[in-house]
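Fold and geometry: a report
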Amino acid sequence: YGIDQFIPVQRVLPFAIGPLTFLGFRRLIDPSRPPLGDGLRHGGPALALMIVCPLLPPLRPLLDFFILISMAGYGIGLARLYRRGPDGWPGIGLAAAAPVRLLMRVMLLFLAGESLIDGSIAIDFFFWEGQHAPGLIAVGNLGVIAALGWGLVHQPRPLRPPEPSLIPKATSDEADHAALLAALDALLADPALYGDPDLSLARLAKRLHVPARRVSEAINQCHGMNVSQYV
C-alpha cells in the first residue's frame, strides 16, 4: 500500500516464525517445560536479529541467509518432535494425537517451503542484486500454498495396532510390565477416566506413580503398540 516505513519491519518478521512454531508445539506436547527459560533461549536471539540486522548495513545482504538458517534449524527441531510420536508427547490428550500430527506435518511443509524460498532469494541478491526476487516470491508462495493444501487433504494414516506376528517377544521385565499393565487396565476401567477427552500419557503415569516412559515401554514391549493404540 505504499507505506515504506514498514518494509524494514516486514523484512525481519520471518525471524519470529521458526521460534514461535517450535516453542508452540513443544509447549503443547510438554507443558512441564519452563516457558520463561525456553522463551528467552529461543526468542531472545530472534528478537536480537530483528533489531540488529536493520541497524547494521553490513548485515543487510546476509539477512536472507540468516532467515534461511533460522527456518531450516527450527524445521529440523520440529521434525524431531514429530518423530517422537504420541508416546513422546506426554501433555497431549490421547484423543488429540491425530490432529496434532496433522498440524505438525502442515507446519513442517510450510517451514521447508519458506526455507527454499528464502534460500533462493538470498542467492539471487548475492549474485544478481535481487532481479529475480519478485518472481521467486510469487512462484515459491504458490508452491507453498499447494503443499499446505496437499498436507491438509492427505491426512496422516490412522494409528493401527501391528499384526500379531510383528509384536515383539516379552523381555526379562515381563513381570514388572504385566503388573504395570494390570494397574493401567484397572485405571481405564473407570468410565470417568477412560472417557475424559483430555486423557494423556502424563496423566496416566501420574495416577500410576511411575514415569511416563515406563508406561509406554511396557505397552510397546508387551503389545507392540503405542499408548494411544492401546487405550
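So, here is what we can say about the structure in this document.

The rules behind these values
- Residues numbered from 1 in each chain as written.
- Predicted model: local features only at pLDDT ≥ 70, side-chain atom pairs only at ≥ 80, totals over all residues.
- Heavy atoms only, no water.
- Helix = DSSP H or I, 4+ residues; strand = E, 2+ residues; numbered from the N terminus.
- Rg over C-alpha atoms; globule rule 2.2 N^0.38 Å.
- Buried < 20%, exposed > 50% of the residue type's maximum accessible area, 1.4 Å probe, protein only.
- Contact = heavy atoms within 4.5 Å.
- Lys, Arg positive; Asp, Glu negative; His and termini not counted.
- Charge placed at Lys NZ, Arg CZ, Asp CG, Glu CD.
- Salt bridge = Lys/Arg side-chain N within 4 Å of Asp/Glu carboxyl O.
- Core = buried A, V, L, I, M, F, W, Y, C linked by side-chain atoms within 4.5 Å.
- Polar contact = N/O pair within 3.5 Å; in protein donor to acceptor, adjacent residues only side chain to side chain.
- 1 Å grid on protein atoms, 1.4 Å probe; cavity = no way out; pocket = protein on both sides within 12 Å on 5 of 7 lines; lining within 4 Å.
- Points joined across faces, edges and corners; volume = space filled by probe spheres on them.
- Nonpolar A, V, L, I, M, F, W, Y, C, P; charged D, E, K, R; others polar.

**Things to note about the overall build of the chain**
Of regular secondary structure, the chain possesses 11 helices and 0 strands. Scanning the chain from its N terminus toward the C terminus, one meets helices and strands in the order α-α-α-α-α-α-α-α-α-α-α. A globule of 231 residues ought to have a C-alpha radius of gyration of about 17 Å, yet the chain, at 23 Å, is considerably larger. Referenced to the eigenvectors of the C-alpha coordinate spread, the extents of the chain come out at roughly 70 × 35 × 35 Å. Across the 231 residues in the chain, those meeting the buried criterion constitute 35%. Across the chain, every contact between residues at least 6 apart in sequence was considered, and the portion connecting residues at least 24 apart equals 71%. Both charge centroids of the chain, one from 19 positive and one from 18 negative side chains, sit 3 Å from each other.

**Some thoughts on the pattern of salt bridges**
A full pass over the atoms with the stated rule returns 3 salt bridges. When the shortest N-O distance is used, the salt bridge between Asp 38 and Arg 41 registers 2.7 Å. Here Asp 38 and its partner Arg 41 are both found in helix α3 (residues 35–55), 3 residues apart, which amounts to about one turn of the helix. For Asp 38, a relative accessible area of 7% puts it in the buried group. For Arg 41, a relative accessible area of 52% translates into the label exposed.

**Some words on the nonpolar core**
Formed by 24 residues in total, the largest nonpolar core has its most connected members in Phe 15, Leu 63, Leu 78, Leu 81, Trp 89 and Met 104. For this core, the elements supplying multiple residues, two or more each, are α2 (17–29), α3, α4 (63–84) and α5 (97–128). Contact partners of Leu 78, with chain neighbours within four places excluded, come to Thr 21, Phe 22, Phe 25, Met 104, Met 107, Leu 108 and Leu 111.

**What about the side chain of Asp 124?**
Turning to its location among the elements, Asp 124 is positioned in helix α5. Buried charge without a salt bridge: Asp 124, with Arg 11 as the nearest opposite-charge side chain at an N-O distance of 10 Å. Within the structure, Asp 124 has its side chain in polar contact with the backbone nitrogen of Ala 133 (distance 3.0 Å). Residue contacts for Asp 124: discarding those within four places in its chain leaves Glu 129, Gly 130, Gln 131, His 132, Ala 133 and Leu 136.

**So, the environment of Ser 120**
Counting through the fold element by element, Ser 120 comes out in helix α5. Along the primary structure Ser 120 and Arg 27 are separated by 93 residues, whereas in three dimensions their C-alpha atoms are 32 Å apart.

**So, the layout of surface pockets**
By volume, the largest pocket is sized at about 410 Å³. Along the wall of the largest pocket there are 16 residues; nearest its centre are Arg 11, Pro 14, Asp 118, Ile 121 and Ile 137. Secondary-structure elements contributing two or more residues to the lining of the largest pocket are α1 (7–12), α4, α5 and α6 (133–153). Broken down by element, the lining of the largest pocket gets its largest block of residues, 5 residues, from α5. Looking at the second largest pocket, its volume works out to about 190 Å³. Residue lining of the second largest pocket: Asp 87, Gly 88, Pro 90, Leu 201, Ala 212, Arg 213 and Ser 216, and that is the complete set. Considering every element that reaches the lining of the second largest pocket, the biggest residue donor is helix α10 (residues 212–223), with 3 residues. Among the residues making up the lining of the second largest pocket, the classes are represented as 3 nonpolar, 2 polar and 2 charged.

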